[in-house]
Amino acid sequence: MKKLLTILLGAAMLLSLCALTACGGDPAPTADEDKPEEDTTAATAEFTTVEEGKLHMSTNAAFPPYEMTTDAGGFEGIDIDIATAIAEKLGLELVVDDMDFDAALTAAQTGKSDIVMAGVTVNEEREAVMNFTDSYATGVQVIIVKEGSDVTLKNLKEQMIGTQRGTTGDAYCIDDFGKEHVTSYDNGITAVQSLMNDQVDCVVIDKGPATEFVAANEGLTILDTEYTNEDYAIGVSKDNEALLEAVNSVLKELKADGTIQTILDQYIKAE
């Protein structure tokens, strides 16, 4: 009898264990395990940077108010602040690499920097060698002249025009008026100094820096007629599409929460 009772108790325990473990199959799924796994690839897409933990931004820090140097030797401006906000969102530290405008473009194109921000506009030539984010600001190309000058938009083809080498303003002027009417400089400051020294008749450059240059140099003014309008975007190497997607995603967030507009308003006051 004791033997039979032992067998019956053993069978009962086995049945209980079977119920708990689904009897030889996999354990019964919990409420969370029963759900299909979510695809988090888009949210966690991996990207590489030139230096681990850092976001290198190539620029030409002579283009106020987008990028400029401080008295302490640092950098400030619209592009600097926006790039800082992007880096923070990506969990990275921003590193600003200051160089000539052409070199800044090449650095991003060849992967020596992660991004280029220097009041860069998108055109077919640049799109052929690098990728671009959505636009984050609108630039207006204007004409700086000396007060009392007879230079107008209509007679630009008769003038010697100063520009910043490698910019769209430089390319537009060469296309519109011929290379013989354009003197290209490494930066806008040098172009304006040449205007002050009567080496050129006018300077074509973005309205933002133009306003800064005119305020800092007595005797200069900006023509009422705009030369052209264009949008600014961030350039990234074609070999790093994951970084492009990440930057573009963050850029959209910064637009939506008003961060970019706040930065623009800080540097560009309403007229």
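Remember, it's a predicted structure, so these values are computed and weren't measured experimentally.

### Looking at helix H5 (residues 168-177)
Those residues of H5 lying buried are Thr168, Gly169, Asp170, Cys173 and Phe177. Residues of H5 that are buried make contact with helix H4 (124-127), strand S8 (137-146), strand S9 (161-164), strand S10 (182-185), strand S11 (202-206) and strand S13 (228-232). Just downstream of H5 lies glycine 178, where phi reads positive at about 90 degrees.

### A look at the pairing of S9
The side-chain alternation of S9 yields two buried faces, one formed by Ile161 and Thr163 and the other by Gly162 and Gln164. Pairing of S9 with S10 involves 4 bridges; the strand directions are parallel. In the strand pairing of S10, glutamine 164 is matched with tyrosine 185. Two strands pair when backbone bridges link them, and S9 and S11 are joined in this way by 2 bridges, in the parallel orientation. What sits directly across from glycine 162, in S11, is valine 203.

### Section: the confidence of the model for the protein
Taken over all residues, the pLDDT of the protein has a mean of 86, while the share at 70 or more is 82%. A low-confidence stretch, residues 1-44 (pLDDT under 50), is modelled with 4 contacts involving residues beyond four sequence positions or located in other chains.

### Comments concerning the side chain of threonine 167
Along the chain, the position of threonine 167 falls in the loop between S9 and H5. Here threonine 167 falls in the buried class, since its relative accessible area comes to 13%. In terms of polar contacts, threonine 167 uses its side chain to reach the backbone carbonyl oxygen of glutamine 164, at 2.7 Å. In contact with threonine 167, not counting residues within four places along its chain, are Phe101 and Arg126.

Parameters and conventions
Residues numbered from 1 in each chain as written. Predicted model: local features only at pLDDT ≥ 70, side-chain atom pairs only at ≥ 80, totals over all residues. Heavy atoms only, no water. Buried < 20%, exposed > 50% of the residue type's maximum accessible area, 1.4 Å probe, protein only. Helix = DSSP H or I, 4+ residues; strand = E, 2+ residues; numbered from the N terminus. Contact = heavy atoms within 4.5 Å. Pairing = 2+ DSSP bridges. pLDDT = per-residue confidence, 0-100. Polar contact = N/O pair within 3.5 Å; in protein donor to acceptor, adjacent residues only side chain to side chain.

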